[in-house]
Amino acid sequence: MSMTLAIIGGTGLSRMDGLSITRREMVKTPFGAPSCPLSFGTLGEVPVVYLARHGSSQRIPPHRINYCANLWALKSVGVTHILATSAVGGITEECTPGTIVIPDQLIDYTQGRESSFSDASAENWQHVDFSWPYDEALRQSLITGAASVSSTNCVETGCYAAMQGPRFETAAEIRRLAGEGNTIVGMTGMPEAVLARELEIAYASCAVVVNRAAGLAGAKLDLESMKASTTAGMLKVSEVLTAAVATLK
Ligand code: HPA
């Protein structure tokens, strides 16, 4: 398979263990600036392009990320495949903190985000098929990667609820998301996934649960323990990604 692989790092993964960077480049796009310069290097022995979704210093909130610029920048340097990471809340019972989830579906609950390259002024706009939003071969690489990382619980399918944020959900919203078949909840999965699809870039997501979603633990969300879970979770995600990309060589 001929591929140029990118990793989009989410919360807690502004830098990645095992990633050696040889060059950085700020790419200009018709949609403005991406979150940060693209980093070119290798993960293990595999060449990768790395982008920190929230910016190099993790300051850009989920609803302010320029997803169009990020995806366009990656496409313009020849990226064909993307592994995206994110920290999420767990909705179903098996999704306890520390669990890795490789979603195979999503529901988009975001509002007011630029969610297509086919805006009103684009002449050659098109519908895209999005029945299965994640690339199955990339998903399998992440599942294989997770299986090789010791003491890692991996949920191999699930539905990602993309919420607007930056606030967390109410307990009632989580009850509704559970009723609608969602497994995990996060704030950055869309429009990233569909913009990749529009650009014909294969895309899959490696999520790590950092908290039980609002209301499910019977207490308010504990933001301090979420931070600690995110730090620990992203170490695990780095290992999963390193193992996953080795299978894609
Ligand atoms: N909800 C939405 N996004 C999140 C959560 C959550 O509970 N945890 C981490 N990202």
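The preceding data block contains the structure.
S.K.: Explain the pairing of strand S1 (residues 5–9) here, please?
M.R.: Consecutive side chains of a regular strand alternate in pointing toward one face of the sheet and then the other. The buried count for S1 comes to five of five residues, which makes it a mostly enclosed element. Side chains Leu5, Ile7 and Gly9 project from S1 onto one buried face, and the interleaved Ala6 and Ile8 project onto a second face that is buried too. By the bridge criterion, five bridges tie S1 to strand S4 (residues 46–52) in an arrangement that is parallel. Paired with Leu5 across the strands is Val48, a residue of S4. Relative to strand S5 (residues 81–90), S1 is paired through four bridges, and the arrangement is parallel. When the sheet's bridge partners are listed, Leu5 is paired in S5 with His81.

S.K.: How should I be thinking about the environment of Ile143 in this particular structure?
M.R.: Positionally, Ile143 belongs in helix H2 (residues 136–147). Taking the C-alpha atoms as reference points, Ile143 and Leu241, separated by 98 residues in sequence, lie 9.9 Å from one another. The contacts of Ile143, once residues within four sequence positions are left out, are Ile102 and Glu156.

S.K.: Is there a simple way to think about the state of the cysteines in this case?
M.R.: Among covalent bonds in proteins, the disulfide is the one between the sulfur atoms of two cysteines. Using the criterion set out here, one finds zero disulfides in the structure. With no disulfide of its own, Cys36 has Cys68 as its nearest cysteine by sulfur position, at a separation of 16 Å. Relative accessible area serves as the criterion here: at 6%, Cys36 is assigned to the buried category. Lacking any disulfide linkage, Cys159 is separated from the closest cysteine sulfur, that of Cys95, by 11 Å.

Definitions and limits used
- Residues numbered from 1 in each chain as written.
- Predicted model: local features only at pLDDT ≥ 70, side-chain atom pairs only at ≥ 80, totals over all residues.
- Heavy atoms only, no water.
- Buried < 20%, exposed > 50% of the residue type's maximum accessible area, 1.4 Å probe, protein only.
- Helix = DSSP H or I, 4+ residues; strand = E, 2+ residues; numbered from the N terminus.
- Pairing = 2+ DSSP bridges.
- Contact = heavy atoms within 4.5 Å.
- Disulfide = S-S within 2.5 Å.

Just geometry here; none of it tells us what the structure is for.
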